[in-house]
Amino acid sequence: MDAVVQHSQRPFESSRRCWVCGSPHPSFEAYADDPGHRFPDGGSVAPGPDGTLLWAHVPGPLEGDDAAPADGHELWLVLDAATGRVLGRAATETVASGSVHLAGPDPSRMGLNIGVGEEGSPTLRGRWDGRQLVVERRAEEEFLLAVNPSGRRLLEVDTGQWSLLLLDADSGQTLAQLDAEGTVPPPPDNGSSGSSDAGNVNDWVYWDFDAAFLDEDTLVVGTSESDRKSGRARHWLVDVLTDPATGRPSGLALRGEIAYPTDSPATGPVLTAGGGAWATVSADGDTVQRWESA
């Protein structure tokens, strides 16, 4: 019989303090009936692309830390996925209402979007160098959407959802921008408003907080949130234009709307599926639909 080794996960388990009251809870039942816990803030956790690391945004302190200040503090952790041991940590200096991780192809790097209500949405980029977690605070009013397959380009959207921004991953420099207004046609009028004037709310169009790279220079982006009143979600192919003289991106161009089968229309935002594909979730939430370009 092969020997079984039990790895202690105590450091990670003890870090899972409540976002509402700061205390650890042994189970959901311990706070299920408390009205104060009905709409809690929260963090997030995500594996790296090779499965060796876990990245977690949690409330502190961890076991063995000094007592937390009166208003608490939040930590970004890198953990060994096999043992649960905390390898690296950094204070996020935020008071979050929620967060979302975004992984790229490099297992040593991770993105973290942190929502802090009306105060903005800081974007952090973390790098685990094998000894410490190095964090760059990328922006305060932008949301990281996607990383291209090589990891060289990032896609962001401003928190107002008006403009897509293509960035150089190393320098953070904005390489191209695509505004929704003047680029994307208004949502089709489904007749519910009785008007299609320019001032109609149905005419407002803005990007979703989700997108996917199909390859180095092709994106699928959505306007499903602003399309909601029209009765159908629209997704778009966007091309990264390249300057032939320099080989560097020179712009973003809307190629056109994606035509889905009429018997299986897409709903909601775009999800990254990898391998030149993207995914959506059915309207009833029971099915993940995987799509590829014909």
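Since the structure is predicted, the reported quantities are computational estimates derived from the model, not experimental observations.

Under the counting rule described, the total for this entry stands at 9 salt bridges. Note that Arg 234 is salt-bridged to Asp 227, the shortest N-O span being 3.0 Å. Arg 234 sits in the buried class, given a relative accessible area of 3%. With a shortest N-O distance of 2.6 Å, Arg 232 and Glu 257 are connected by a salt bridge. Residue Arg 232 is found in the loop between β14 (218–222) and β15 (235–242), and its partner Glu 257 is found in strand β16 (residues 249–257); the two are separated by 25 residues along the sequence.

All right, on to the sheet that holds strand β19 (residues 288–292) then. Pairing within the open sheet is antiparallel, and its 3 strands lie in the order β17-β18-β19. Both outer strands of the open sheet, β17 (271–274) and β19, are each paired with one neighbouring strand and no more. Between one strand axis and the next, the sheet turns by 35° as a mean value, whatever way the strands run. Pairing geometry for β17 and strand β18 (residues 277–281), over 3 bridges, is antiparallel. Residue pairing for β18: Thr 272 is matched across the bridge by Trp 278.

Conventions adopted
Residues numbered from 1 in each chain as written. Predicted model: local features only at pLDDT ≥ 70, side-chain atom pairs only at ≥ 80, totals over all residues. Heavy atoms only, no water. Salt bridge = Lys/Arg side-chain N within 4 Å of Asp/Glu carboxyl O. Buried < 20%, exposed > 50% of the residue type's maximum accessible area, 1.4 Å probe, protein only. Helix = DSSP H or I, 4+ residues; strand = E, 2+ residues; numbered from the N terminus. Pairing = 2+ DSSP bridges. Axes fitted to C-alpha atoms, helices over the stretch in contact; angles between N-to-C directions.

Without other data, these values stay purely geometric and don't point to any function.
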